[in-house]
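Report on the structure
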Amino acid sequence: MKSATPKVLHALCGRSLVGHVVAASRELDPEHLVVVVGHAREQVRAHLTETDPAVRTAVQHEQKGTGHAVRTALEELSQSGVALDGTVIVVCGDTPLLTGATLERLGATHAADGNAVTVLSAEVPDATGYGRIVREAGGAVTAIVEHKDATDTQRAIREINSGVFAFDARLLVDALGKVRTDNSQGEEYLTDVLGIVREAGHRVGAAVADDHREILGINNRVQLAQARALLNERLLERAMLAGVTVVDPASTLIDVSVTFEPDATVHPGTQLLGTTHLATGAEVGPHSRLTDTTVGADAVASFTVAEGARIGAGANVGPYAYLRPGTDLGPKSKAGTYVEMKNATIGEGTKVPHLSYVGDATIGEFTNIGAASVFVNYDGEAKHHTTVGSHCKTGSDNMFVAPVTIGDGAYTAAGSVITKDVPPGSLAVARGQQRNIEGWVARKRPGSAAAQAASAARQESEGER
C-alpha cells in the first residue's frame, strides 16, 4: 500500500478492510472470533478494540506462513481453555467484499457434504495467477494447483482457490502438526492441510461463491479503489431496491452504515457517510456531503456539508450551507445560503436565511435572523452562549456578543452590536448616530469621478428646483 497505515486498516465505504471481514464473520454468530495480528499489531488491536471489543487477537510474532497463522489462532484458544471442536472457518483480513451469506453457504456445504475441509472457490473470467481447484468425477477436490505448477489442462480450469476454508477442528489441529516447511519460502502453507487430510482418507470439497468478485483481495490502492466501486454499487443497489431514488449512482458515494427510509431522494455528486440517515421524503444534494447526520422527513439539503447534525422534518438547508457538530434544526426551519452553524439549536419555523454564522446558540420558534449576522461566541479564551427567543426579528448585520439573551418577541435594529440582554418585546438599537458631512468629497477628493458625479447631481437637483 506504500503507507504508514497497515493495509488492513485502510478504509472502504466507512469501514476498515479487516472491519468488513469481521462484520461478515459476525453474521455467522461464531462462538469464538480470533484475528491473527503481526505487523503493526498495536494499531490493529486498538482498532479492533474500538470497533468490536469481543474479538480475540492472536499474535504471530514471526510471519511463517498461512498455516502458522492459523496454528497461532488455535493455540490462543487452546491456552484460554477452549475445546477445539466443531467447524473452524478461516478467512483473509484483506477481502472486504466477502459477505456473511457466502460464509454461511460455505459452512452449510461443509456440514452437508461431510467434508474434512471445504474450500470457498470461485469461477473467474481469467484465472491467470490463481491456484486452480482440481476435482474428481464425484466433485470432491483432489488438489489446489498453483498457476506456475499447473499443466495446460489444469490452466484451462476457471475455478480458483479463494484462500477461505472451512475445517473440521480436530482434523485441522492434527494436520497442522504435520505441515512441513521444506518449500522455497520455508513457510507452513495452510493449503498443505488439504493433501494431509485427503491422504488420511477424508473428503475435501468446495463451495462455489455466487459472485467471484467477493473473494477479491486488496494489495494496493488501485485494488482498493476497485473494491470501493464494487461495494458502493452493492450498497446503492440495496438502497434503490428499498425504495430510495438515487438519481445518478455513478456520482453517489455511501458508507455501509448509512440508512434510508422509502421515498428519500439522493441527487448527483452526493456523499453520505458514517451513520447518516435519510427519512421518508428527504432530499439531499446535488453536491452535498453529510456525515453522521439525520435528515428528517421531507427535509431538503442542497449543496450542503453537514457533520454530526440533525435536520428536522420539512427543514430547508442550503445552498452552500455548513452544519457543524451539534447543530439541531427544528421542523420547517431554514439554514440558507452561506450559513454556518455549530452547536446550535434552532426552533421550529425559525429562519437564518443567508450570510450568517450561528455558534453556541439557542434560537426559539418562528424567529427570523437578518442577513450577515454573527453570533460572537468566543472571547479568545472561552466559548459563550447566546439565547434568542421565539417570534423575534433581528436586523441585518447584527453582532450578538455572547453571553447575551434576546427575549421573546424582541426586535434588533440593523447594524447593531448587541452586548446586553434585550427584554421581551423591546427594540434594541446599538449603533452610532448617522452624521452627514456636506461637501466632504469636493473638499477632500477634488476632481475625482465621485466629485464630478456629486457636482452633476447637485446641479441637476438645483435645476429641478
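This section reports on the structure supplied with the text. (Residues numbered from 1 in each chain as written. Predicted model: local features only at pLDDT ≥ 70, side-chain atom pairs only at ≥ 80, totals over all residues. Heavy atoms only, no water.)

Comments concerning the pairing of strand β8 (residues 141-145)
We apply this condition: Should DSSP find at least two bridges between two strands, the strands are regarded as paired. Strands are runs of DSSP state E lasting at least 2 residues, helices are runs of H or I lasting at least 4, and numbering of each runs from the N terminus.
By the bridge criterion, 4 bridges tie strand β7 (residues 132-135) to β8 in an arrangement that is antiparallel. Pairing of V134 across the sheet is with A143, part of β8. Counted between consecutive antiparallel strands, the loop separating β7 from β8 contains 5 residues, among which G139 sits at a positive phi close to 100°.

Some details on the environment of L120
The criterion, for reference: Contact between two residues is taken to exist if any of their heavy atoms lie within 4.5 Å; hydrogens are not considered.
Relative to the helices and strands, L120 is located in strand β6 (residues 117-123). On a C-alpha basis, the gap between L120 and I133 in space is 10.0 Å, while along the polypeptide they are 13 residues apart. Here L120 is in contact with L98, T102, L106, I160, N161, S162, V164, A207, A209 and I215, once residues within four sequence places are set aside.

Notes on unusual backbone geometry
We apply this condition: When a residue's accessible area, from a 1.4 Å probe over protein chains only, is under 20% of the maximum for its type it is buried; when over 50% it is exposed; and in between it is partly exposed.
In this structure, the amide linkage connecting G285 to the following residue, P286, adopts the cis form with an omega of 5°. Tracing the chain through its elements places P286 in the loop between β17 (283-284) and β18 (289-291). Look at the link from G318 to P319: it is a cis peptide, with omega at 0°. Relative to the assigned elements, P319 resides in the loop between β23 (316-317) and β24 (321-323). Here the phi dihedral of H391 falls at roughly 55°; this positive angle occurs in a residue that is not glycine. One can find H391 in the loop between β30 (386-388) and β31 (393-394). Residue classification places H391 among the partly exposed positions, given a relative accessible area of 47%.

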